[in-house]
Amino acid sequence: MKKVILSAILLLSVVLNTANAQNHYWVMLTDKQGTSFDPYSYFDAKAIERYRLNDADLYDISNYPLNENYVNQIEAILSSNAESELFGTSRWLNAVAVTATPEQIELIGQKSFVKEVIIIAGDMQTAKTEQYDVTEMMNLDDMADLSDQLVRMGGKYFRNKNINGKGIRIAVFDGGFPMVNTHDAFKHLRDEGRIIKTWNFPNHKEDVYGWNSHGLMTLSCIAGRRGDTDLGLATGAEFLLARTEVEAEPRKEEVWWQMAVEWADKNGAQIISSSLGYGKDRYYTKDMNGTSLVAKAGNMAARKGILVCNSAGNEGSDRSWRTIITPSDADSVLCVGGINPSLMNYERAVFSSFGPSADGRMKPNVCAFAYAWTAAKSFRNDKYNEVPGTSFSCPLVAGFAACALQSKPGMKAMELFHEIEKSADLYPYCDYTFGYGVPQADYFTGDRKEVTPTFRFETNAEDGSLNIVPLKDHDRCRVFIKNSLPNGTIIDYTKMELDEFTTSMWINIPEGCIITVNFEGYTESHIFSTPNNSDTPLMAKLQDKNSQYDDKIVKVTSDNRHFSTRLHESKVRQEFYVMLGVPIQTNDNELESNFWSPAKRLGVRYTCYFTKAYGWGLALEYGRNSFRFDKEAPSNVLDNLTGMDNLVDSADNIYKHKLLTNQFSAEIYQRVRLYPGGITHKGWHWDLGGYITLSNNIYRLKYNQDADAIAENRDIRLKNTNPLRGEKLQYGVTTRITNDYIGIYCRYNLHRLNKTLANDEIALPALEVGLHLSF
């Protein structure tokens, strides 16, 4: 069986890696025979304390080192190729990560101590590319109040009791931390020695103070300060900083994430903040079920007493991906969604990913501002800016978690997990957009006021309809309603923000379902059942308490309503595009056109992906070329202007002439992903294909007017006497390299059926190059 699986892996390696004979693999080992382990010399004292508090086993086999003899044998096989390497190890997985040729991995797979070989997909996405736009940078004196991102979580209750995460150790994983060692926002961390350890996993060294500024911003949301104003709640915490992300080797990043979790465990982390994730460029939606290796690592970290906070992802506006990313899909990882920055309203940030997980579990767990003020990378140390992304809602909650743990230091990791959920302002209501809502500090400080009922259910005994009746007048209403099955699966849900409660809404409720309503912070549920001998459809109605406006129906926008059945991923991607180009003269036989001879094309492209890195596609396109030539027309053109001697008697009268071609094209192409990433996660890709075109050609000639003959210039269209000889059907090849919205393309006419102008062997340019725009 192992040989069959290994053969399949090798075949897949050849298909996906035609340009490079090497690939990346996890090599799973069978055992740790002959190894020994002393936890008290391996673990930081804070880690040992955490293990004991969480009833975790210090001597668990996952903590033992790998068998050195096994590792040495694998390295010996890899030494036969200079580009092969062992670039990672995992105690928890009992595995090594290698770069190897197919021949080398076959030899490794034959070893008796190798349990399994898992190929690491070659089309991985740089996980930290959750998009953000930098606003204008400001000096401290010019900046607005930055407290809203903390006020929204009730941060004042922590501050009133001097709770700032003191004594809590947080590990932050990201792509780099430039200026953390110099920026004013972190001076308190440096002065008090609270950056405990750092490690750069891609570069195998301690220096993390460079590279991508994403880590500078996420750390700001946990512990940054702007003068006397806090950007994050955990300004008193201590930190482990791990660089796990790079642009050049995205296929290795999940390995480095795995290694970073184990490093954080060893060095006493109690909380992990990971504004990273792996999604549509590496997996399919069905894979977001907690089974990826990093999801399993997140769950294991929780068993060892670490609370892992991870961003839900920035795929919310991508219709081809209607779920979260991994490792936030793990059962024991706190998945954090993003909302717009408002102290009153609940609006999902347009990019924040939806739940549930692929296996139907509730995700995200909570949410926070997805727009945050952070320290900015600049030539000065006192610059700040506002940035969007679930990358920033995650560290805001991680800082909150540190304060919550400080307020109740005896909590275990999963107790903290669930207490954060209970603290959220929608709890016990939850849905696939906001989770349980925004965590609130007053829950942990004892300042929470008792929630009183704001509405009641009234059932009509005759038809079984349900009225949701407010108990008092409301100038402003915030209402969340969901329908769910008894097992907790949400059928649909909606959210409304009403300036004045003077409306009603009818909702269809399937029999046996549960309707849950959160009305101004108060939540109540009702189980529907059909009255005896009644065929009336079950309905629920949200109405004015005086029933004065029953005829007015609330219109729910599509952005506020989400159906759980939308969890899907299409392997066929559609894109619209525009191409703007110019013809290029490649030899002396081609008629020279001036620079202002544009080609304009627009069309739609459908790509079917067989793997994450390779696919075939079909494009349908309309194009228009306008070849503008020199002022003097060729003599053979004039010879073909029959019946028009009274208008054109010599080339001297002609001042402009051009050839217009209308083209309808179909193209078949193959697409290869060259490198993932980019603003919209599409990454760089290369298309190569062939096209066939049906063209309609029109020759246009403008000439100097004769004042005695014609009062104005006329546009002569030569149809039956068209001097362009040739067939309408043409074909050629096309190629393009694009990233996100922009790229370059090249078309070459192979058939050259438009090559003759009259009887002369003068061809139109066959080569066309230009700009490609997609959306």
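Here the structure is shown first, and the text comes after it.
Residues numbered from 1 in each chain as written. Predicted model: local features only at pLDDT ≥ 70, side-chain atom pairs only at ≥ 80, totals over all residues. Heavy atoms only, no water.

**Brief notes about the overall build of the protein chain**
What the protein chain contains, in helices and strands, is 15 helices and 35 strands. Burial analysis of the protein chain (775 residues in total) assigns 57% to the buried set. Taking contacts inside the protein chain between residues at least 6 apart in sequence as the whole, the part at least 24 apart equals 76%. Accessible area of the protein chain: about 33100 Å², with a carbon and sulfur share of 51%. (Helix = DSSP H or I, 4+ residues; strand = E, 2+ residues; numbered from the N terminus. Buried < 20%, exposed > 50% of the residue type's maximum accessible area, 1.4 Å probe, protein only. Contact = heavy atoms within 4.5 Å. Areas by Shrake-Rupley, 256 points an atom, 1.4 Å probe, with all protein chains shown as cover.)

**Here's the deal with the nonpolar core**
In terms of nonpolar packing, the biggest core is built from 73 residues, with Ile-170, Phe-239, Leu-241, Ile-271, Leu-307, Phe-400 and Ile-420 touching the most fellow members. If you tally residues by element for this core, the top one is helix α12 (residues 390-407), at 11 residues. The residues touching Ile-271, leaving out its near neighbours within four places in the chain, are Ile-168, Arg-169, Ile-170, Ala-171, Ile-306, Leu-307, Cys-309, Ala-398, Ala-401 and Ala-402. In this structure, Trp-92, Ile-120, Met-259 and Ala-297 belong to the second largest nonpolar core, which totals 38 residues. (Core = buried A, V, L, I, M, F, W, Y, C linked by side-chain atoms within 4.5 Å.)

**With respect to helix α5 (residues 102-109)**
Of the positions making up α5, those classed as buried are Pro-102, Gln-104, Ile-105, Ile-108 and Gly-109. Down the axis of α5, the sector holding all buried residues measures 160°, keeping them to one side. (Arc of directions from axis to C-beta.)

**Structural notes on unusual backbone geometry**
Here the residue pair Thr-326 and Pro-327 is connected by a cis peptide bond, since its omega of 15° sits within 30 degrees of zero. Position of Pro-327 among the secondary structure elements: in the loop between β11 (307-311) and β12 (333-339). Cis geometry is found at the peptide bond from Lys-363 to Pro-364, where omega equals -5°. Within the element layout of this structure, Pro-364 appears in the loop between β12 and β13 (366-369). Phi is positive for Met-179, which is not a glycine, with a value near 75°.

**A short note on the sheet that holds strand β6 (residues 195-200)**
On the basis of which strands lie adjacent, the open sheet formed by 7 strands has the order β6-β9-β5-β10-β11-β12-β13 and parallel pairing. What marks the edges here is a single partner per strand, and that holds for β6 and β13. Taking the axes of each pair of neighbouring strands and ignoring which way they run, one obtains an average angle of 25° across the sheet. Pairing of β11 with β12, which is carried by 4 bridges, proceeds in the parallel orientation. (Pairing = 2+ DSSP bridges. Axes fitted to C-alpha atoms, helices over the stretch in contact; angles between N-to-C directions.)

**A few points about the side chain of Glu-419**
With respect to the helices and strands, Glu-419 occurs in helix α13 (residues 413-423). Look at Glu-419 and you get buried, because its relative accessible area is 15%.

**Quick notes on the packing of aromatic side chains**
A full pass over the atoms with the stated rule returns 23 aromatic pairs. An angle of 85° between the planes, with centres 6.0 Å apart, marks the rings of Phe-201 and Trp-263 as edge-to-face. Residue Phe-201 is found in the loop between β6 and α9 (214-223), and its partner Trp-263 is found in helix α10 (residues 253-266); the two are separated by 62 residues along the sequence. What makes Phe-201 buried here is its relative accessible area of 5%. Assessed through its relative accessible area of 13%, Trp-263 is described here as buried. (Phe/Tyr/Trp six-rings, centres within 6.5 Å; stacked < 30°, edge-to-face > 60°.)

**Quick word on the side chain of Asp-382**
Secondary-structure assignment places Asp-382 in the loop between β14 (371-375) and β15 (384-388). On the basis of relative accessibility, which here comes to 16%, the residue Asp-382 falls in the buried class. Within the structure, the side chain of Asp-382 is placed 2.8 Å from the side chain of Arg-380, a separation counted as a polar contact. (Polar contact = N/O pair within 3.5 Å; in protein donor to acceptor, adjacent residues only side chain to side chain.)

**Some details on the pattern of salt bridges**
Within this structure, the stated rule accounts for 26 salt bridges. We note a salt bridge from Glu-621 to Arg-601, for which the minimum N-O separation is 3.4 Å. Here the residue Glu-621 occupies a position in strand β27 (residues 614-628), and Arg-601 occupies one in strand β26 (residues 599-609), the gap between them amounting to 20 residues. Looking at Glu-621, the relative accessible area reads 8%, which means it is buried. Sharing partners across several salt bridges, the network here consists of Glu-575, Glu-667, Arg-671, Asp-687 and Arg-736. (Salt bridge = Lys/Arg side-chain N within 4 Å of Asp/Glu carboxyl O.)

**With respect to the pairing of strand β9 (residues 238-243)**
In terms of burial, β9 is a largely internal element, 6 of the 6 residues being buried. Here β9 shows no split at all, with Glu-238, Leu-240 and Ala-242 on one side and Phe-239, Leu-241 and Arg-243 on the other all buried. For β6 and β9, the ladder comprises 5 bridges, and the chain directions are parallel. Looking at the pairing, Trp-199 lines up with Ala-242 of β9.

**Regarding the environment of Tyr-40**
Within the secondary structure layout, Tyr-40 lies in helix α2 (residues 39-42). When its relative accessible area of 44% is taken as the criterion, Tyr-40 is described as partly exposed. For Tyr-40, the residues in contact, after removing those within four places along its chain, are Ile-48, Arg-52, Leu-58 and Tyr-59. Separated by 3.2 Å, the side chains of Tyr-40 and Arg-52 make a polar contact.

**Some remarks on the sheet that holds strand β1 (residues 23-29)**
Across a sheet, strands are paired by hydrogen bonds formed along the backbone, either parallel or antiparallel in direction. Spatially, β2-β3-β1-β4 is the arrangement adopted by the 4 strands of the open sheet, whose pairing is antiparallel. Two strands lie at the open edges of the sheet, namely β2 (85-90) and β4 (114-120), each paired on one side alone. If you compare each strand with its neighbour and ignore which way they point, the axes differ by 25° on average. The pairing of β1 with β4 spans 6 bridges and is antiparallel. Of the residues in β4, the one forming a bridge with Val-27 is Val-117.

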